[in-house]
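Chain by chain, the residues run as shown.
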Protein chains: 2
Amino acid sequence: MHSKITDTLKKHQLSVTDSRKKILSFFLQSGNALAHADIEHKSGTEFDRVTIYRTLQTFVEKGIIHTIPTADNSIRYALCKDECVEGHHHDDHVHFICDECGTTYCLDHVSVPKVKLPKGFKAAQTDLVVSGTCNNCEK
Amino acid sequence: MHSKITDTLKKHQLSVTDSRKKILSFFLQSGNALAHADIEHKSGTEFDRVTIYRTLQTFVEKGIIHTIPTADNSIRYALCKDECVEGHHHDDHVHFICDECGTTYCLDHVSVPKVKLPKGFKAAQTDLVVSGTCNNCEK
DNA sequence: TACAACAGTGCAACAATGTTGCAAAATAAT
DNA sequence: ATTATTTTGCAACATTGTTGCACTGTTGTA
């Protein structure tokens, strides 16, 4: 019998280690995007900082998580949908960053509109990031 | 007689100093977005690294330049259009980052479409960043 | 133009973030 | 169970960004 976490790692041809299981579980638990620093705090001294960097890198390469562009200098990561495979992401949904609480949401049901580019420009990826107030912070 | 550069600084209530004139001139010359590192290279040892940080910060606050979100860890800055004033940016155009040459373009004539957000989410700002191949790099 | 008030700069020291090489440990394959 | 392979932790380092303070340049006023 395999847990969902172990399954996911195996499906992406990754050996199953403590740090990978733990870090993947953080993403599954939180549901929202996490920055390197978040994971470092959550895991305390359990893993080396370097291991976290390398694990996140590996997850991105294997298509388990994707990065979200932000205007401040912090890279955030979020779980990919199932269609993402190694070397090829399909994350065409909108991201929302709350200015109040800092939470980053993947709005899976809001898709990025096609934009018309000037002559000679070829789009490979399109990212749409909205910032404002989320449904928790506004009342 | 005033140069355009001096005028711009004065219009934004900034005292006119060598570093500000020089850094603003870099933006006017290049036409594209610049990262902190670009400016550091262009200016050599002329200014302290700290001065460049503070100048860019000031320019953003005063509405002379705006930041562009990127998925890698580098903040890029580009000149604002004239409608940007202190504390209130109006940069609703699409940004394009070339994967080949790294150049970042402001596509002033491509505007960001309105997106429909889930209940409870209020948008303050919307950034759309496209990456791919620019008209210089493709042939 | 000269002077006072103020704003901006450079330096130093520091904090945070990210990278690399290598030996030890854990995982996978046989 | 043993070997081959992968991953981890450590140490050292590079890069990037921040803060306080003394000094310098800029601005406004006479």
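Look up: the structure comes first, before these words.
Okay, so let's go over this structure. (Residues numbered from 1 in each chain as written. Chains lettered and ligands numbered in written order. Predicted model: local features only at pLDDT ≥ 70, side-chain atom pairs only at ≥ 80, totals over all residues. Heavy atoms only, no water.)

1. Digging into helix α4 (residues 49-62) of chain A
All names here are of chain A.
Item 1. For α4, which comprises 14 residues, the first-to-last C-alpha distance of 20 Å matches the rise-based estimate of 20 Å (1.5 Å per residue) to within 8%.
Item 2. Taken together, the buried positions of α4 are Ile52, Thr55, Leu56, Thr58, Phe59 and Lys62. Taken around the axis of α4, the buried residues stretch over an arc of 160°, which confines them to a single face. Turned more than 90 degrees from where α4 packs its buried face, Arg54 and Gln57 sit exposed. (Helix = DSSP H or I, 4+ residues; strand = E, 2+ residues; numbered from the N terminus. Expected span 1.5 Å × (residues − 1). Buried < 20%, exposed > 50% of the residue type's maximum accessible area, 1.4 Å probe, protein only. Arc of directions from axis to C-beta.)

2. Some thoughts on the protein's contact with DNA strand D
Item 1. Near DNA strand D you find 19 residues, and of these Ser19(A), Arg20(A), Thr51(A), Arg54(A) and Tyr53(B) are the closest.
Item 2. Of what DNA strand D places within 4 Å of the protein, 62% of the atoms are sugar or phosphate.
Item 3. One of the side-chain N or O atoms of Ser15(A) is found 3.2 Å from a phosphate oxygen in DNA strand D.
Item 4. One of the side-chain N or O atoms of Thr17(A) is found 2.9 Å from a phosphate oxygen in DNA strand D.
Item 5. Breaking the surface near DNA strand D down by element, the ones donating at least two residues are α2 (18-30) and α4 of chain A together with α4 (49-62) of chain B.
Item 6. Here the surface near DNA strand D takes 5 residues from α4(B), the largest share from any one element.
Item 7. Broken down by class, the residue content of the surface near DNA strand D amounts to 5 nonpolar, 8 polar and 6 charged. (Near = heavy atom within 4 Å. Polar contact = N/O pair within 3.5 Å; in protein donor to acceptor, adjacent residues only side chain to side chain. Nonpolar A, V, L, I, M, F, W, Y, C, P; charged D, E, K, R; others polar.)

3. Things to note about the interface of chain B and chain A
Item 1. Across the contact, 36 residues belong to chain B and 35 residues belong to chain A.
Item 2. Carbon and sulfur atoms make up 61% of the area that chain B and chain A hide from each other, which totals about 2900 Å².
Item 3. Counting across the interface, chain B meets chain A through 0 salt bridges.
Item 4. One can count 10 residue pairs in polar contact (both at pLDDT 80 or more) joining chain B with chain A.
Item 5. Looking at the side of chain B that touches chain A residue by residue, the classes come out as 18 nonpolar, 11 polar and 7 charged.
Item 6. By the bridge criterion, 11 bridges tie strand β6 (residues 122-133) of chain A to strand β6 (residues 122-133) of chain B in an arrangement that is antiparallel. (Contact = heavy atoms within 4.5 Å. Buried area = accessible area lost by both parts, 1.4 Å probe. Salt bridge = Lys/Arg side-chain N within 4 Å of Asp/Glu carboxyl O. Pairing = 2+ DSSP bridges.)

4. Let's talk about the protein's contact with DNA strand C
Item 1. Neighbouring residues of DNA strand C: 19 residues in total, closest Tyr53(A), Ser19(B), Arg20(B), Thr51(B) and Arg54(B).
Item 2. Taking all atoms of DNA strand C within 4 Å of the protein, the share assigned to sugar and phosphate is 65%.
Item 3. Taking Arg49(A), its side chain carries an N or O atom lying 3.0 Å from a base nitrogen of DNA strand C.
Item 4. Listed by contribution, the elements that provide at least two residues to the surface near DNA strand C are α4 of chain A together with α2 (18-30) and α4 of chain B.

5. Here's the deal with helix α3 (residues 36-43) of chain A
Residue and element names in this part refer to chain A.
Item 1. The set of residues buried in α3 consists of His36, Ile39 and Ser43. Down the axis of α3, the buried side of the element spans an arc of 65°, and every buried residue falls inside it.
Item 2. On its buried face, α3 is in contact with α2, β1 (34-35), α4 and β3 (76-79).
Item 3. Positive phi shows up at glycine 44, right after α3, with a value of about 60°.

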